[in-house]
Amino acid sequence: MNLIRKMLMYLNREVPTDTLVKRGLKVGNNFNRQQGVYIDPTHCYLIEIGNDVTISIRAVLMAHDASTKKLLGYTKLGRIKIEDHVFIGANATILPGVTIGEYAVIGAGSVVTKDVPARTVAAGCPAKVLCTTEEYTLRQKAQMRDGENVFDGTFVMGKGLNAEKVRKLQEQTRDGIAFIE
């Protein structure tokens, strides 16, 4: 299964994490790199990812900026440091010279050009701090409607999801959102 996954990554032009680590990428424990995440393969030795980090689909980490090459004759480089317990949303782009503090959340589609403080939620293009992760958590908990729109892990594809559970999720999301483990 691991071999098949690696072959699919190469076909999608993704460099496997273990290959990037051999080239100098630093990765902590419990790193969740989802499908299509692009980690700069030519400058991965400038990237450090902490423990318990999730990077969602099609996010990009670029430790170099070649826009200066034609103008100056040089490519700009910068370290990227992602501290522990960070979540980076789908299609986010992290640019050179950025540190993302622990427990930060980066919104989907964001372009992160500057450091993001610990325990904050940042989103946008360019990304700006919107609130603390505590405020964000309280808002999300308020949307959980006394558990009626909260479902266990069997409602996930490959973990017991069936037609009846799909119908329940469709019903709960008709006028709002639902939460699953």
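Remember, it's a predicted structure, so these values are computed and weren't measured experimentally.

Relative to strand β16 (residues 127–132), strand β15 (residues 120–124) runs antiparallel, the two being bridged by 5 bridges. Looking at β16, one finds that Ala123 is bridged to Lys128. Taking the residues between adjacent antiparallel strands as the criterion, β15 and β16 are bridged by 2 residues.

Applying the stated rule across the entire model yields 1 aromatic pair. Seen in terms of ring centroids, Phe151 and Phe155 are 4.7 Å apart; in terms of plane orientation they differ by 50°. Their pairing is tilted. One Lys or Arg, Lys165, reaches over the ring of Phe155 and ends 5.3 Å from the middle of that ring.

So, about helix α5 (residues 163–173). Lys165, Leu169 and Gln172 are the residues of α5 that are buried. For α5, the angular spread of the buried residues around the axis is 65°, confining them to a single face. Looking at the buried residues of α5, the elements they touch are β17 (150–151) and β18 (179–180). Between the side-chain oxygen at the start of α5 and the backbone nitrogen of Glu164 there is a gap of 3.1 Å, and the oxygen is on Asn162.

For the rest of this paragraph, the subject is the pattern of salt bridges. Applying the stated rule across the entire model yields 3 salt bridges. Taking the shortest distance from any N to any O, the salt bridge between Glu164 and Arg167 comes out at 2.6 Å. Linking Glu164 with Arg167, this pair stays in helix α5, spanning 3 residues, or about one helical turn. Taking the relative accessible area as the measure of exposure, Arg167 reaches 38% and is therefore partly exposed. One connected set of salt bridges, linked through shared partners, spans Glu164, Arg167 and Glu171.

A separate point is the layout of surface pockets. Approximately 270 Å³ is the volume found for the second largest pocket. Forming the walls of the second largest pocket are Gln34, Thr54, Phe87, Tyr136, Thr137, Gln140, Lys141, Met144 and Phe179. Ranked by residue count, the leading element in the lining of the second largest pocket is helix α4 (residues 133–142), at 4 residues. When its residues are assigned to classes, the lining of the second largest pocket shows 4 nonpolar, 4 polar and 1 charged.

Attention now goes to the nonpolar core. Counting residues in each nonpolar core, the largest one holds 28 residues, and the members touching the most others are Ile49, Ile55, Ile82, Ile88 and Ile100. If you list the elements that add at least two residues to this core, you get β4 (47–49), β9 (80–82) and β12 (98–100). In contact with Ile82, not counting residues within four places along its chain, are Glu48, Ile49, Gly50, Val53, Ile55, Leu61, Ile88 and Ile100.

Rules behind the numbers
- Residues numbered from 1 in each chain as written.
- Predicted model: local features only at pLDDT ≥ 70, side-chain atom pairs only at ≥ 80, totals over all residues.
- Heavy atoms only, no water.
- Pairing = 2+ DSSP bridges.
- Helix = DSSP H or I, 4+ residues; strand = E, 2+ residues; numbered from the N terminus.
- Phe/Tyr/Trp six-rings, centres within 6.5 Å; stacked < 30°, edge-to-face > 60°.
- Lys NZ or Arg CZ within 6 Å of the ring centre and 35° of its normal.
- Buried < 20%, exposed > 50% of the residue type's maximum accessible area, 1.4 Å probe, protein only.
- Arc of directions from axis to C-beta.
- Contact = heavy atoms within 4.5 Å.
- Polar contact = N/O pair within 3.5 Å; in protein donor to acceptor, adjacent residues only side chain to side chain.
- Salt bridge = Lys/Arg side-chain N within 4 Å of Asp/Glu carboxyl O.
- 1 Å grid on protein atoms, 1.4 Å probe; cavity = no way out; pocket = protein on both sides within 12 Å on 5 of 7 lines; lining within 4 Å.
- Points joined across faces, edges and corners; volume = space filled by probe spheres on them.
- Nonpolar A, V, L, I, M, F, W, Y, C, P; charged D, E, K, R; others polar.
- Core = buried A, V, L, I, M, F, W, Y, C linked by side-chain atoms within 4.5 Å.

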